[in-house]
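Now for the letters of each chain:
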Amino acid sequence: MHLKIDHIKQFALFYLICFSGCYLWFVTNGLLFSEINPVFFLNRLDFTGNIFMLSNIQYALIEYKWLRVLWDAVYLILPFVLVYTVYFSKKGQVVWAIATAVFALLYNYFFSMMSFVSIEGFVAWMFVPLVFAAKGTKGFYFSTHCIRILFLLFFFTTALWKIRSGGVFNPDQLSAILFKQHLPILVAGDDYWFSRFISFLINHQRFTYLIYLLVVIIEFVFVVGFFTRKYDRLLILFFCFFVLFDYFLMEINYFAWFPFLGCLYFSGLTLEEA
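Scoring rules and cut-offs
Residues numbered from 1 in each chain as written. Predicted model: local features only at pLDDT ≥ 70, side-chain atom pairs only at ≥ 80, totals over all residues. Heavy atoms only, no water. Patch = residues over 30% accessible without salt bridge, like charges linked within 9 Å, V, L, I, M, F, W, Y side chains within 5 Å. Areas by Shrake-Rupley, 256 points an atom, 1.4 Å probe, with all protein chains shown as cover. Salt bridge = Lys/Arg side-chain N within 4 Å of Asp/Glu carboxyl O. Helix = DSSP H or I, 4+ residues; strand = E, 2+ residues; numbered from the N terminus. Buried < 20%, exposed > 50% of the residue type's maximum accessible area, 1.4 Å probe, protein only. Polar contact = N/O pair within 3.5 Å; in protein donor to acceptor, adjacent residues only side chain to side chain. Contact = heavy atoms within 4.5 Å. pLDDT = per-residue confidence, 0-100. Core = buried A, V, L, I, M, F, W, Y, C linked by side-chain atoms within 4.5 Å. Domains from an automatic or database assignment. Phe/Tyr/Trp six-rings, centres within 6.5 Å; stacked < 30°, edge-to-face > 60°. Lys NZ or Arg CZ within 6 Å of the ring centre and 35° of its normal.

> Residue-level account of a nonpolar patch on the surface, with values.
A cluster of nonpolar side chains, namely Leu13, Tyr84, Tyr87 and Phe88, defines an oily patch on the protein surface of about 400 Å² accessible area. Of note, Leu13 is situated in helix α1 (residues 5–28).

Now the structure itself:
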């Protein structure tokens, strides 16, 4: 099937739906700048981040509540403006796409410095808007495939990291992770099904290791995407399984990565011959 303008609009709507859902989740869980009262920030060994910090905006965000509210508002409004320009073919689409990606990078970097939320969960909001930085089907085609490769690289390297760190060779790896992750629940001694289920997994290392090994294999399988787009729909199913598994078992939220799936979904479309 040939790539059409309607496909670009569909991707834009999908991106906006994902963003709105995640933003609402953060609102309900009190995870916005306007809902936290930061008193310090955590510096990292990050060259780019330290360049951002030369502006001293981190001090202003800590001191002024109105600035944190403003950042939340801009962070929410930009994706809507971007999708509006894409859907109705308005001028300024490229500018809004870049502005949305850049501000998402700044917002998420400083928010991760002042909260317990990792910046890794926000990666999609930094990269997916760049899909719309090139107008027309040809530009969309190549930008989508670039972001697709990045997503595959992000996911595939998690398997490589588990292999390099030796976790995949440790039969007790997932049991130890579960013990650390759910220690408050285990210590509380609450007798309900989830705590009993976690205790079961911790006490049955061999069964738990098989689950861990399955997850590593699923992550590693994403290497297929570097060589062919034929199995992208299957990779979407694998990713959904991974996200649900992580959220249920580890309480780690990777739903914000869902916009990347648009790159896999539309990867099979081809350009019309000139």
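> How would you summarise unusual backbone geometry if you had to cite specific residues and measurements?
We note that Ser89 has phi near 50 degrees; this positive angle belongs to a residue other than glycine. Tracing the backbone through its elements, the reader meets Ser89 in the loop between α4 (65–87) and α5 (93–114).

> Quick one: what's the story with the side chain of His182, residue by residue and with numbers?
In this structure, His182 sits in the loop between α8 (173–181) and α9 (183–188). Overall, the relative accessible area of 1% leaves His182 in the buried class. Within the structure, His182 has its side chain in polar contact with the backbone oxygen of Leu249 (distance 2.7 Å). Contacts of His182, omitting those with residues within four sequence positions, involve Phe194, Ile198, Leu249, Met250 and Glu251.

> So what about the confidence of the model for the protein? Which residues, and what values?
When pLDDT is averaged along the protein, the result is 89, and 99% of the positions lie at 70 or above. Within the protein, α4 carries the highest mean pLDDT (95), whereas α9 carries the lowest (78).

> For the nonpolar core, give the residues involved together with the corresponding values.
In this structure, Phe33, Tyr75, Phe110, Trp125 and Phe132 are the most contacted members of the largest nonpolar core, which totals 83 residues. With 10 residues, α1 is the single largest residue contributor to this core. For this core, the two domains that each supply at least three residues are domain 1 (1–133) and domain 2 (142–274). Setting aside residues up to four positions removed in sequence, Phe132 forms contacts with Ile8, Phe11, Ala12, Tyr15, Leu82, Val86, Gln93, Ala97 and Phe140.

> Which residues make up the packing of aromatic side chains, and what values do they have?
Any aromatic ring pair is given by two values, namely how distant the centres are and how the planes are angled relative to each other. In the structure shown here, the tally under the stated rule is 55 aromatic pairs. Between Trp193 and Phe248, the ring centres sit 6.0 Å apart and the planes meet at 15 degrees, which makes this aromatic pair stacked. Note that Trp193 is positioned in helix α10 (residues 193–203) and Phe248 in helix α12 (residues 232–250), a separation of 55 residues in sequence. Note on Trp193: relative accessible area 52%, which makes it exposed. Just above the ring of Tyr87 sits the side chain of Lys9; from NZ or CZ to the centre is 5.3 Å. Its end group placed over the ring of Tyr265, Arg233 keeps NZ or CZ at 4.1 Å from the ring centre.

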